[in-house]
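Topology and contacts: notes
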Amino acid sequence: MPLVKTWQLIAASAVAGLVLSAATVSVTGPWDSGQRKAERDRAASWSRMGGVDHGSGRLPEAAPSAPGVLSGLAAALQAEKQAGNPLGEQAGRQPGTGTGEGTGSGSDALAGALRPLFADPALGSLRSASVIDTATGRVLYEAKPREPMTPASTVKIATATAVLAALGPEHRFRTTVTPGAAPGQIILVGGGDPSLTARKKPPAGSGGSLVALAADTAQALKAAGTDSVSLGYDDSLYSGPARHPIGLNPNVAPLSALTADEGRLNDSLSGPADRSEDPSGDTARAFADLLADRGIKVTGAPAKARAAADAEPLATTLSTPLGGLVERMLTNSDNDIAEALARQSALASGQPGSFEGAGKAVAAMLASLGIDTTGARFADGSGLDRSDKVSAGLLTALLAKAADPQRPELRPVLTGLPVAGFNGTLRGRNSGGSPAAGLVRAKTGTLSGVNALAGTVVDPSGRLLAFAFLAANTPGPEGAEKALDKLAAAVAGTR
């Protein structure tokens, strides 16, 4: 008898495993389009690369791990500011000492590089800064770090941290179809999935698909001998005003738990666009058309209805895993995803799915993580509302918490940050020969007169640093952004 070599046994086992896996996938959940991809996305959401959905098809490298730091950090950031410094600047303090003792030459060099850059008039009349070593919590540079300021889109870091802490990176939001109370009625039920799309080809990886949901629904109806239905739609998951306080604006759609393609009226995937004024109704009408394409007649126009709480779904489609949604939100500064995730934090915390409920839930969730939220206000999830208030110290504390290996569920906060010179809102900033290109990962923030940048970088000595720079009353965005980019480059390049 010929001997069977080890590699042959391994190959045979691998083939058998692949066959078994394929068979398992083929019989998973007969009318559950999203679940068939759940195992792949589950693995991706827990990998060192974070989630699965940056929107560009290119995943940044994983951020290095760092031990927990926040117990010392809270004391360090609240320590008394250095006397006689008009900007309240300090450098190199060990957590909790507030004395400036133990300053190393590296801290001195970084503070020396940042101080003149931070004084740039392009940063306006009110500014705040915090730079810390995430592994030790040591404050390397700060200026008014506890000053509550308008953060613009950097508040998305808080939104991301809260929802990941509340639900975890594997969580997926469901859009379902259930039987209605009236004979021959079905109800499309929104679950607040911001990745839901009516496009035949999903625009950015896996996510909720109306097309797949319609196919599965038609299959279920035909199996039951039904080819004609009336369609209701239930968007009652959210409460309170649907319109963002800034009013009708191309940067965000009316907020609805049942919205396809973020209510965009063109083929865009991110950025400003004309938006539907009735995203729930438009989504239901698109679903009716998809059912008709699959041989199911929809009688009458779709109308609002309430699904029974105990109704058994006919079909379900699942969102992108939460880790991927967080990454897409941060990379593209997606306001629609941000507002949806803020509401999901509220619902997970027992609060109403409204602006007010979301603000309370985000603040409470951050406090439960040990974050000092003194002076903070979360008026929305996206940062479009100028009444949002956070400090530079709060932002670096959040970034340090996301780097804590004891909190792996928060890692998409880091992996979703745009990479300088490469993707998202930093694609055109600190690019080319900048020492920050490919190294700095940061969330931008921009409103009229407000500019911010907060993120992480591994410095030349191998430390993972978190930084946040907030500026208000800036004379113009171009000069402010250049000044912020110089600060980030200095953090990246100073040993």
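Scroll up for the structure.
How each quantity is defined
- Residues numbered from 1 in each chain as written.
- Predicted model: local features only at pLDDT ≥ 70, side-chain atom pairs only at ≥ 80, totals over all residues.
- Heavy atoms only, no water.
- Helix = DSSP H or I, 4+ residues; strand = E, 2+ residues; numbered from the N terminus.
- Expected span 1.5 Å × (residues − 1).
- Buried < 20%, exposed > 50% of the residue type's maximum accessible area, 1.4 Å probe, protein only.
- Pairing = 2+ DSSP bridges.
- Axes fitted to C-alpha atoms, helices over the stretch in contact; angles between N-to-C directions.
- Parallel < 35°, antiparallel > 145°, perpendicular 65-115°, else oblique.
- Left-handed = near helix turned anticlockwise from the far one by under 90°.
- Contact = heavy atoms within 4.5 Å.

Let's talk about helix α5 (residues 156-167)
Look at α5: 16 Å from first C-alpha to last across twelve residues, which is about the 16 Å you get at 1.5 Å a residue. Across the twelve residues of α5, nine count as buried, placing the element largely inside the fold. Those residues of α5 that fall on the buried side of the exposure criterion are Lys156, Ile157, Ala158, Thr159, Ala160, Thr161, Ala162, Val163 and Leu164. Positive phi appears at glycine 168, one or two residues downstream of α5, with a value of about 85 degrees.

What about the pairing of strand β12 (residues 464-472)?
With nine of nine residues buried, β12 lies mostly within the body of the structure. With burial as the criterion, each face of β12 is covered, one bearing Leu464, Ala466, Ala468, Leu470 and Ala472 and the other bearing Leu465, Phe467, Phe469 and Ala471. Bridging between strand β2 (residues 126-133) and β12 involves eight bridges; their strand directions are antiparallel. Residue serine 128 lies in a different strand from β12, and its bridge partner there is leucine 470.

Side note on the packing of α5 against helix α9 (residues 335-348)
Running from amino to carboxyl end, α5 crosses α9 at an angle of 40 degrees, the nearest separation of the two axes being 9 Å. Taken together, the axes of α5 and α9 are oblique relative to one another. Crossing geometry of α5 relative to α9 is assigned as left-handed. Counting all contacts with α5, which are made through Lys156, Thr159, Ala162, Val163, Ala166 and Leu167, the residues of α9 involved are Asn335, Ala338, Leu341, Ala342, Gln344, Ser345 and Ala348.

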